[in-house]
Amino acid sequence: MEETLNLEDIFEVIKKNLTMISSLILIFGAVAAFATAFLMTPQYEANTQILVSQSENAEAVDNQDIQASLQLINTYRDIIQSPTVLDDVVDNLGLEQSTTSLANNITVNNQDQSQVITVTVSNEYPQDAEIIANEVGAVFQEKVTEVMNVDNVSILATADVGENPSPVSPQPLINIAIGLILGALLGLGIAFL
């Protein structure tokens, strides 16, 4: 005959093992807090915005020009993260990281149907993130003219991290919450075994 647990039995098992479950919750929460505070390097982000618009030589803007600019945005996104741009950024700033490593720290996106591209750079130093983001924008603006023979790119907003930037990661509250949940799940699992 199969044993079944009713609600009273479940509460009884939890009550009997409450000390062990609580201990695991606290231990996992403390480990997560320690790892967040001492083992994870804070990361900062800086954003620069690039506007893809009609050619500077165009006298009037029509819907066709805007649609053409929107279609070029995916191409521009690839160019921004290409070695053509990032090699120059590494050389210009004298960075000690590879182009591939730099590309991993850069995200490029835009809102749907928007002509604005946002370049986000992550770095452990906020000023470095700002400098790199601005350099990526400047080099891209220069290179896209050579590569695609267009003059429809301009810097809309330069990166500025401000006086007291806050790190975007790690997120202590989320990490501690995950640790507490894992501790509770492990404790409950052991209790019911």
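No experiment lies behind these values; they were computed from the predicted model shown.

Visitor: Hey, could you run me through the environment of Leu51 in this one?
Guide: Here Leu51 lies in strand 1 (residues 44-52). Along the chain, Leu51 and Val147 lie 96 residues apart, while their C-alpha atoms are 17 Å from each other. Here Leu51 is in contact with Gln115, Val116, Asn152, Val153, Ser154 and Leu156, once residues within four sequence places are set aside.

Visitor: What is the right way to look at unusual backbone geometry in this model?
Guide: Phi is mostly negative for residues that are not glycine, and the peptide bonds are mostly trans. Here the residue pair Ser169 and Pro170 is connected by a cis peptide bond, since its omega of -5 degrees sits within 30 degrees of zero. Its location among the elements puts Pro170 in the loop between strand 4 (153-157) and helix 7 (172-192). For Asn149, which is not a glycine, the phi torsion comes out positive at approximately 55 degrees. Among the structural elements, Asn149 can be located in the loop between helix 6 (126-148) and strand 4. Accessibility expressed as a relative area gives 70% for Asn149, which makes it exposed.

Visitor: Sorry if this is basic, but what is going on with a nonpolar patch on the surface here?
Guide: A surface patch of nonpolar side chains, about 470 Å² in accessible area, is lined by Ile174, Ile178, Ile181, Leu182 and Leu185. Considering the arrangement of structural elements, one finds Ile181 in helix 7.

Visitor: For this particular structure, what's the right way to read the pairing of strand 2 (residues 106-109)?
Guide: The side chains of a regular strand alternate between both faces of the sheet. Across the two faces of strand 2 the burial differs, with Ile106 and Val108 buried and Thr107 and Asn109 not buried at all. Here strand 2 pairs with strand 3 (residues 116-123) via four bridges, running antiparallel. The partner of Val108 across the bridge, within strand 3, is Val119. In this antiparallel pair of consecutive strands, strand 2 and strand 3, the connection spans six residues, and Gln113 shows a positive phi of 65 degrees.

Visitor: Sorry, what's going on with the sheet that holds strand 4 here?
Guide: Backbone-to-backbone hydrogen bonds join strands into a sheet, with any given pair of strands oriented parallel or antiparallel. With respect to topology, four strands assemble into an open sheet ordered 2-3-1-4, the strand pairing being antiparallel. Every other strand in the sheet has two partners, leaving strand 2 and strand 4 as the edge strands with one partner each. On average, adjacent strands in this sheet sit at an angle of 25 degrees to one another, irrespective of strand direction. Here helix 6 sits on the sheet in contact with strand 1, strand 2, strand 3 and strand 4, set at roughly 20 degrees to strand 1.

Visitor: Help me understand the nonpolar core, please; the structure alone is not making it clear to me.
Guide: For soluble globular proteins, nonpolar side chains are generally found buried alongside one another. In terms of nonpolar packing, the biggest core is built from 28 residues, with Tyr76, Ile80, Ile106, Ile117, Val119, Val136 and Phe140 touching the most fellow members. At the level of elements, strand 1, helix 3 (63-80), helix 4 (83-93), strand 2, strand 3 and helix 6 are the ones that each hand at least two residues to this core. If one sorts the elements of this core by residue count, helix 6 sits on top with seven residues. If we skip the residues at most four places from it in the chain, Val119 touches Ala46, Asn47, Thr48, Ile50, Ile80, Ile106, Thr107 and Val136.

Parameters at a glance
- Residues numbered from 1 in each chain as written.
- Predicted model: local features only at pLDDT ≥ 70, side-chain atom pairs only at ≥ 80, totals over all residues.
- Heavy atoms only, no water.
- Helix = DSSP H or I, 4+ residues; strand = E, 2+ residues; numbered from the N terminus.
- Contact = heavy atoms within 4.5 Å.
- Buried < 20%, exposed > 50% of the residue type's maximum accessible area, 1.4 Å probe, protein only.
- Patch = residues over 30% accessible without salt bridge, like charges linked within 9 Å, V, L, I, M, F, W, Y side chains within 5 Å.
- Areas by Shrake-Rupley, 256 points an atom, 1.4 Å probe, with all protein chains shown as cover.
- Salt bridge = Lys/Arg side-chain N within 4 Å of Asp/Glu carboxyl O.
- Pairing = 2+ DSSP bridges.
- Axes fitted to C-alpha atoms, helices over the stretch in contact; angles between N-to-C directions.
- Core = buried A, V, L, I, M, F, W, Y, C linked by side-chain atoms within 4.5 Å.

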